[in-house]
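Observations on the model geometry
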Number of protein chains: 2
Amino acid sequence: MREIYIVGIGMTRFGKLPELGVRELAEEAVFGALKDAGAKPADIEIAYCGTEAMSPDTPMLPGQIALEQAGITGIPITNVANACGSGSNAVREAWLALQSGLYEVALAIGVEKLTSPSPDQFQMLSRLGGADLMLEGSMGFFPPGVFSMAALRHMEQYGTTREQIAQVAVKNNYHGSLNPKAQYQKQVTLEQVLNSRPVSYPLNVLDCCPISDGCAVVVLCGADVAKRFSGRPVRVRAAAQRSGTYKDDANLRADTTQRAAREAYEMAGLGPGDIDLAEVHDCFTFAEIQHYEDLGFCKMGEGGRFVEEGGANIGGQVAVNPSGGLLAKGHPLGATGPGQICEIVQQLRGECGDRQVPNARIGLTHNGGGFRHGDTGIVTCFVLEKIS
Amino acid sequence: MREIYIVGIGMTRFGKLPELGVRELAEEAVFGALKDAGAKPADIEIAYCGTEAMSPDTPMLPGQIALEQAGITGIPITNVANACGSGSNAVREAWLALQSGLYEVALAIGVEKLTSPSPDQFQMLSRLGGADLMLEGSMGFFPPGVFSMAALRHMEQYGTTREQIAQVAVKNNYHGSLNPKAQYQKQVTLEQVLNSRPVSYPLNVLDCCPISDGCAVVVLCGADVAKRFSGRPVRVRAAAQRSGTYKDDANLRADTTQRAAREAYEMAGLGPGDIDLAEVHDCFTFAEIQHYEDLGFCKMGEGGRFVEEGGANIGGQVAVNPSGGLLAKGHPLGATGPGQICEIVQQLRGECGDRQVPNARIGLTHNGGGFRHGDTGIVTCFVLEKIS
């Protein structure tokens, strides 16, 4: 397996940014990543764009349109879509293209426009309902419903409490308050979470990630050519991807994250105990509790206690979502995965100021997408390592 | 570069098939390809799905939904989109994944549903208008308009005649009449083409490809593991991809096909004179005339004479679109690229009956997608060789 480095990162702020289109968002993030890498547009040999909802101004070829803003044209550009996991998918395809040995330098861009002055916004948002309209979507089985049912099951099975679930939002909004690029930069109390407007019992508004716009870009290269660039690189120890198997588990507990994480740990030659920090897919507070367990940070069923006791805090056993996560940093679908990678890279470089994780050496990203049959359509995990 | 074989192919008929959804189309084509390869679902290690328009019953994760019908789950599944070139893009990503050495067997599926009993059909079709609504789409500059303007320019510049352009439709509908999977299986006369309903001068209805549904699947593997499968393999000599550079040429003549073809010929170590047959992107009759020139089958400006004199017939200098092409076989966007590959594979195997190209040894596929700035968003070319 070829050693691959990430040599440059760039991202916009995440938030509701209706006046900025795909072009404007991409221009900022792509130029930011090129500058961070010390790279020129002509250095990029192949590119991948992850986006799901298709903005009205880019109904097709979002990658071509976005990258043209930075003068990146002519090269192979592939648009990938895997719901909320589109962006990590783009980064993984870029990594795989470099693994082929046919390319030396690749770029992955994740971008999403979910707010728009156009009336299409509602139509776009209605597509977030679920991957399988025939199976679940037509019965109203949308993501908040999926996770609320799974949460109730977990509470019954393991004694997880409503307060433990809400603590995830308190933690992540605290982290967000330390992140100048986060959509929400204000702390919230446990009471505020518990008293926020109900969505699907037991989940309230503050248990749910927001609607967001944003763009994040990653530049990767073979380790052997990294000297060409002036950015501070990190090593990609693993890039793993698994899709759902749709076992219709009665506890609404699929194993796709476990399988993807296992592949990532095996590829990296390490285990959950080696992970100092992780950016995980907290589309809902309860989802993050599942992820602690599925990623091996704590035993099955103990996720509620783990977050309650501070195990996921900055300075805890493994800092989870130091960026604020999807809940507070935001969730512009295609941009989320590359955004997680941007956070880990900055943490490994020691550039995160008030939210810096001490002694950050090895980080993990976990990004999923698509709900059907009570399972996840795709999960992608990266393991990144500081280069000393 | 690793030697890659195509070991199995499968496809549905192309046509207006409103009662068949993505699931039904995929079931037929995926099982067909697995059977053709002598492969089991569990043999597939990684998969790519090319589709553009997103059917109402698969608003997300089309690959996962389609492949589940054949019991293919759990593996990395990536959905790619590049307008009319989505399907070839999926095949190329599968090829690239095998080039990484991390996988041995890959599957690429292209599928599209453009007819549907739902009212969303019009909404879907409106997205075919162009990649860049801000630039051209909002001014009504849709594909038929693009090609009609380019055709008029070519007629003025080179003396190409209306009859020469129409001859492409006569040829391809003749080929379609010999193809049991084609959407249109009836010959047409030159008069019928010239008298068909006007769309955008000088192009009439019979100069334009139809709205179609369909699915086509390709199974690829490393040459070193092909012995595992009983299908009759062909060798992939090249898989090249280029995107547009948007030079705003006054003749509306971009060079993306030329650049992609050059990369394909260089990768394969051969030239246009070595090509026995080609499946090219005849979205409009005039487009095929451009392709003869851009692919090097004749000199620039001589495409009209080339088709008029029979150079592109079965038995001619290079049989172009022996399947009937997009014009007669049909154009279910994502399925078109893999469908072209299915035709070349069957031709190289000698299985094409009345439309068999004599002495078919080396074939080329050419599949493009997306119009903006008068250029093409993406072009992908494969060179396939008979294994003696």
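Calculation notes
Every chain's residues receive numbers from 1 upward, in the order its sequence appears when written. Chains carry letters from A onward and ligands carry numbers from 1 onward, assigned in written order. In view of the model being predicted, local features appear only for residues whose pLDDT reaches at least 70, and side-chain atom pairs are presented and counted only at 80 or more, with totals across whole chains, interfaces and linings using the full set of residues. Hydrogens and water molecules were not included; the side-chain quantities draw on all heavy atoms of the structure. Secondary structure follows DSSP: runs of H or I at least 4 residues long count as helices, runs of E at least 2 residues long count as strands, and numbering of each begins at the N terminus. Expected helix span is taken as 1.5 Å per residue step, with the number of steps being one fewer than the number of residues. Throughout this description, buried means an accessible area under 20% of the type-specific maximum (1.4 Å probe, protein chains only), exposed means over 50%, and partly exposed covers the range between. Directions are taken from the helix axis to each C-beta atom, and the arc is the one they span. A pair of strands counts as paired when DSSP detects no fewer than two bridges linking them. Think of a patch as exposed residues, more than 30% relative accessible area, with no salt bridge, where like charges cluster within 9 Å and nonpolar side chains (Val, Leu, Ile, Met, Phe, Trp, Tyr) cluster within 5 Å. Method for areas: the Shrake-Rupley scheme with a 1.4 Å probe, in which residue coverage is limited to the protein chains shown. By definition here, a salt bridge exists when the distance from a side-chain nitrogen of Lys or Arg to a carboxyl oxygen of Asp or Glu is within 4 Å. Lys and Arg are tallied as positive, Asp and Glu as negative. Neither His nor the chain termini are counted. A charge is said to be at NZ when it belongs to Lys, at CZ for Arg, at CG for Asp and at CD for Glu. Marked domain ranges trace back to an automatic or database domain assignment. We call two residues in contact when some of their heavy atoms are within 4.5 Å. Interaxial angle, 0 to 180 degrees, is taken between N-to-C directions of lines fitted to C-alpha atoms, where a helix line uses only the stretch in contact. Working rule for angles: under 35 degrees goes down as roughly parallel, over 145 as roughly antiparallel, 65 to 115 as roughly perpendicular, anything else as oblique. Crossing handedness is read from the near helix: turned anticlockwise from the far helix by less than a right angle, it gives a left-handed crossing, and turned clockwise, a right-handed one. Ten residue types, Ala, Val, Leu, Ile, Met, Phe, Trp, Tyr, Cys and Pro, are classed as nonpolar, four, Asp, Glu, Lys and Arg, as charged, and the remainder, Gly among them, as polar.

1. Details of helix α1 (residues 22-37) of chain B
Residue and element names in this part refer to chain B.
- Given a rise of 1.5 Å per residue, 16 residues ought to cover 22 Å, and the 22 Å separating the end C-alpha atoms of α1 matches this to within 8%.
- Taken as a whole, α1 has its buried residues at Val22, Arg23, Leu25, Ala26, Ala29, Val30, Ala33, Leu34 and Ala37. Considered in projection along α1, the buried side chains sweep an arc of 155° and stay on one side of the axis.
- One or two residues past the end of α1 sits Gly38, with phi positive at roughly 70°.

2. Side note on the pairing of strand β3 (residues 77-81) of chain A
Residues and elements named next belong to chain A.
- Among the 5 residues of β3, 5 are classified as buried, and the element is accordingly described as predominantly covered.
- Residues Ile77, Asn79 and Ala81 of β3 are buried on one face, and the alternating residues Thr78 and Val80, pointing to the opposite face, are buried as well.
- Note that strand β2 (residues 46-50) and β3 share 4 bridges and pair parallel. Note on β3: the bridge partner recorded for Cys49 is Asn79.

3. Some points on a negative patch on the surface
- A grouping of Glu163(A), Glu302(A), Glu308(A) and Glu309(A) is seen on the molecular surface, where their side chains present a negatively charged patch.
- You can see Glu302(A) is positioned in the loop between α9 (285-294) and α10 (303-308).

4. Let's talk about the domain arrangement of chain A
All names here are of chain A.
- The assigned domain composition of chain A is domain 1 (4-121 + 212-236) and domain 2 (129-208 + 238-386).
- Between the C-alpha centres of domain 1 and domain 2 the distance comes to 23 Å.
- With 41 residues of domain 1 in contact, the opposing surface of domain 2 contributes 41 residues.
- The tally of links from domain 1 across to domain 2 stands at 2 salt bridges.

5. Some remarks on the packing of helix α5 (residues 143-158) of chain A against α9(A)
Residues and elements named next belong to chain A.
- Direction vectors running N to C along α5 and α9 enclose 60°, while the axes themselves pass 9 Å from each other. Our classification of the angle between α5 and α9 gives oblique. As for the relative orientation of α5 and α9, their crossing is left-handed in sense. Across the interface between the two elements, Phe147, Ala150, Ala151 and His154 from α5 touch Phe286, Ala287, Ile289, Gln290 and Glu293 from α9.
- For the contact of α5 with α9, a count of residues per class yields 6 nonpolar, 2 polar and 1 charged.

6. A closer look at the pattern of salt bridges
Residue and element names in this part refer to chain A.
- In total, this model carries 36 salt bridges over all chains according to the counting rule given.
- Across the pair Asp36 and Arg349 runs a salt bridge, and its minimum N-O distance is 2.8 Å. Of the two residues, Asp36 is situated in helix α1 (residues 22-37) and Arg349 in helix α12 (residues 333-349); the sequence distance between them amounts to 313 residues.
- In this structure Asp36 comes out as partly exposed when scored by relative accessible area, which is 25%.
- When its relative accessible area of 8% is taken as the criterion, Arg349 is described as buried.

7. Remarks on unusual backbone geometry
Residue and element names in this part refer to chain A.
- Look at the link from Tyr201 to Pro202: it is a cis peptide, with omega at 5°.
- Here Pro202 lies in the loop between β5 (198-200) and β6 (203-204).
- The phi angle at Leu61 is positive, at roughly 50°, despite the residue not being glycine.
- For Leu61, a relative accessible area of 1% gives the class buried.
- For Asn359, which is not glycine, the phi dihedral falls at a positive 55°.
- Secondary-structure assignment places Asn359 in the loop between α12 and β11 (362-372).

8. Section: the pairing of strand β4 (residues 105-112) of chain A
All names here are of chain A.
- Counting buried positions along β4 gives 8 out of 8 residues, so the element sits mostly inside the fold.
- Residues Val105, Leu107, Ile109 and Val111 of β4 are buried on one face, and the alternating residues Ala106, Ala108, Gly110 and Glu112, pointing to the opposite face, are buried as well.
- Relative to β4, β2 is paired through 5 bridges, and the arrangement is parallel. Across the sheet, Tyr48 pairs through a bridge with Ala108, a residue of β4.
- Here β4 runs beside strand β7 (residues 214-222); their pairing, made up of 8 bridges, is antiparallel. When the bridges of β7 are listed, Leu107 appears paired with Val219.

9. Examining helix α8 (residues 256-268) of chain A
- For α8(A), spanning 13 residues, the distance from its first C-alpha to its last is 18 Å, which sits close to the expected 18 Å at 1.5 Å a residue.
- Listed in full, the buried residues belonging to α8(A) are Thr256(A), Thr257(A), Arg259(A), Ala260(A), Ala261(A), Glu263(A), Ala264(A), Tyr265(A) and Ala268(A).

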